[in-house]
Amino acid sequence: MTSSDVARHTIYQSLGGIKTCSTSQSSKEEKDDTPRCLNITGHVGFESLPDQLVNRSIQQGFCFNILCVGETGIGKSTLIDTLFNTNFDDLESSHFHPNVRLKAQTYELQESSVRLKLTIVNTVGFGDQINKEASYQPIVDYIDAQFEAYLQEELKIKRSLFNYHDSRIHACLYFISPTGHSLKTLDLLTMKSLDSKVNIIPVIAKADTISKTELQKFKIKLMSELVSNGVQIYQFPTDDETISQINSSMNGHLPFAVVGSMEEVKLGNKMVKARQYPWGIVQVENENHCDFVKLREMLICTNMEDLREQTHTRHYELYRRCKLEEMGFKDVSPENKPVRSLENIQRFVGLFLGQEEQRS
């Protein structure tokens, strides 16, 4: 499937199919809101609408932002390099800071005719502190700051969302140490704090360090702990019949056990990305060795648009609703009547002026 085909399928999916319908009216006073479906007897031309949207989307380009959360040395940068088949040449960061820092780097990638503005956000120093109690707070603050920046742009009188660089996090790859036992307390606290703000995809890093039998037991143990602690991870959508079967299957493989490497090793007559050990070779793109191919397929090829949509319709809308409620905006009055936008603005201005008078 080409890049244009993928984009066209995504737009067909977002449109929900095109139906030729017309709204009927039974009388002057009463309207029937049920669309009346009609069969067109000849060519009209609006069937080209998906192609127009595909062309415009390709011209504008896409953005995708990934947050990598994991302890120092767990292989975050190596996996990202392997996922996008390029060396991002990330400068080494100091790990002698007292708190966790988030480092964002934006890159322009192009595959065929599709341009992608990719932002990688790395958690520098996560898990390095002796007291790890508040290690997740800088991550939460960063995600909220990106939501707040988008909300402020939306609230402007003269908005420029068309050209706005969306920095909201679309996917969080949470790297779990391959201990073979259970989740660390830090992992549970962090994922519990993030699950309502971002799409969490848990991955077991350096999965070649434990055996297949131990790995399978470890996966079952991790999923059981996530469920018992009420942690909501991202589930690949199954409502689209074209991808429901593969997504249902991939949901059963979570968390993905991955191995990353940009080193090429000669195997037979071809070169493959692998990690070479004295006892043998672990092939990164061999599904019998690890789940790297599954992660790449689900994250980049099949569900990238759903991750972007979930970020906007679920996580951002939750933040926006809570923020506007804090500011005094309401949809209905105490009498359960709709509140006009002007009334909301007047209420907010009155609240703001009251706060200013109290300060003075």
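The structure under discussion appears in the preceding block.
Cut-offs and rules
- Here the residue numbering is sequential within each chain, running from 1 through the sequence in written order.
- Per-residue local features of the predicted model are confined to residues with pLDDT of at least 70, and side-chain atom pairs are confined, for both listing and counting, to 80 or more; whole-chain, interface and lining totals are unaffected and use all residues.
- Excluded from the side-chain calculation are hydrogens and water; included are all heavy atoms of the structure.
- Helix axes are fitted to C-alpha atoms over the stretch in contact, other axes to C-alpha atoms as well, and angles between N-to-C directions run from 0 to 180 degrees.
- Secondary structure elements follow DSSP: runs of H or I of four or more residues count as helices, runs of E of two or more count as strands, with numbering from the N terminus.
- Comment on the angle field: the value is read as roughly parallel under 35 degrees, roughly antiparallel over 145, roughly perpendicular from 65 to 115, and oblique elsewhere.
- What makes two residues a contact is simply this: any of their non-hydrogen atoms within 4.5 Å.
- The nonpolar class holds Ala, Val, Leu, Ile, Met, Phe, Trp, Tyr, Cys and Pro. Asp, Glu, Lys and Arg form the charged class, and all remaining residues, Gly among them, are polar.
- Strands are treated as partners if at least two bridges between them are detected by DSSP.
- Stacked, tilted and edge-to-face are the three classes applied to pairs of Phe, Tyr and Trp rings, where Trp contributes its six-membered ring and a pair requires centres within 6.5 Å; stacked means planes under 30 degrees apart, edge-to-face means over 60, and tilted covers the rest.
- Only protein chains enter the accessibility calculation, which uses a 1.4 Å probe; a residue whose area is less than 20% of its type maximum is buried, one above 50% is exposed, and one in between is partly exposed.
- Charge counting treats Lys and Arg as positive and Asp and Glu as negative, with His and both chain ends excluded.
- Within this document, salt bridges are pairs made up of a side-chain nitrogen of Lys or Arg and a carboxyl oxygen of Asp or Glu, the two lying within 4 Å of each other.
- As used in this structure description, the phrase polar contact means that two N or O atoms lie within 3.5 Å; if the pair is within protein, one of them must be able to donate a hydrogen and the other to accept it, and residues adjacent in sequence are counted only when both atoms belong to side chains.
- For the purposes of this section, nonpolar cores are sets of buried Ala, Val, Leu, Ile, Met, Phe, Trp, Tyr and Cys residues that join through side-chain atoms within 4.5 Å.
- In this analysis, the expected span of each helix is defined as 1.5 Å times one less than the number of residues it contains.

Enquirer: It is not clear to me how the packing of helix α4 (residues 137-155) against helix α9 (residues 304-326) should be interpreted in this structure. Could you clarify?
Expert: α9 packs onto α4 with a crossing angle of 80 degrees between their chain directions and a minimal axis gap of 10 Å. With respect to each other, α4 and α9 are oriented roughly perpendicular. In this structure, α4 contributes D144, F147, E148, Y150, L151 and E154 to the contact, and α9 contributes T311, H312, H315, Y316, Y319, R320 and K323. Among the residues making up the contact of α4 with α9, the classes are represented as five nonpolar, three polar and five charged.

Enquirer: Would you explain the pairing of strand β4 (residues 101-111) in this entry?
Expert: A regular strand places its side chains on the two faces of the sheet in alternate fashion. When β4 meets strand β5 (residues 114-124), the two strands line up antiparallel, connected through 11 bridges. Bridged to E108 within β5 is K117. Here β4 folds back onto β5, and the loop between the two strands holds two residues, one of which, S112, carries a positive phi near 55 degrees.

Enquirer: What should I look at first to understand the packing of aromatic side chains in this one?
Expert: Working definition: an aromatic ring pair is given by the centre-to-centre distance plus the angle between the planes. Per the counting criterion, the structure on display carries 10 aromatic pairs. Ring geometry for Y150 versus Y316: centroids 5.0 Å apart, planes at 80 degrees, classification edge-to-face. In this pair, Y150 is assigned in helix α4 and Y316 in helix α9, connecting sequence segments 166 residues apart. Of the two residues examined, Y150 and Y316, each falls in the buried class. A centroid spacing of 4.8 Å and a plane angle of 5 degrees characterise the contact between Y277 and W279, whose relative ring orientation is stacked. Taking relative accessible area as the criterion, Y277 reaches 25% and is therefore assigned partly exposed. Counting every residue linked through ring pairs, the aromatic cluster contains F147, Y150, Y164, Y316 and Y319.

Enquirer: What is the right way to look at the side chain of D208 in this model?
Expert: By the element assignment, D208 lies in the loop between β7 (200-204) and α6 (212-228). Among buried Asp, Glu, Lys and Arg side chains, D208 stands out as unpaired, with R275 the closest opposite charge at 4.1 Å. One polar contact links D208 to Y277, side chain to side chain, over a distance of 2.4 Å. Other than its neighbours up to four places away in sequence, D208 contacts V259, R275, Y277 and V282.

Enquirer: Explain the nonpolar core here, please?
Expert: Across soluble globular proteins, nonpolar side chains show a tendency to be buried alongside one another. Counting residues in each nonpolar core, the largest one holds 72 residues, and the members touching the most others are I66, L295 and L299. Residues within four places of L299 in sequence aside, it is in contact with F64, I66, L83, A171, L173, I201, M304 and L307.

Enquirer: What is the right way to look at α4 in this model?
Expert: Think of an α-helix as 3.6 residues a turn; residues three or four steps apart then line up on the same face. In a regular helix each residue adds 1.5 Å, so 19 residues correspond to 27 Å; α4 covers 26 Å between its end C-alpha atoms and thus fits that length. All of the buried residues in α4 are I139, V140, Y142, I143, D144, Q146, F147, Y150, L151, E153 and E154. Contact partners of the buried residues in α4: β3 (62-69), β4, β5, α5 (185-194) and α9.

Enquirer: Please explain the sheet that holds strand β9 (residues 264-267) as it appears in this structure.
Expert: In a beta sheet, neighbouring strands pair by backbone hydrogen bonds and run either parallel or antiparallel. Strands sit in the order β9-β10-β11 across an open sheet of three strands; the sheet is antiparallel. Two strands bound the open sheet, and with one partner strand each, they are β9 and β11 (280-283). Looking at each pair of strands side by side, their axes are set apart by 65 degrees on average, direction ignored. The pairing of strand β10 (residues 270-277) with β11 spans four bridges and is antiparallel. Of the residues in β11, the one forming a bridge with R275 is V282.

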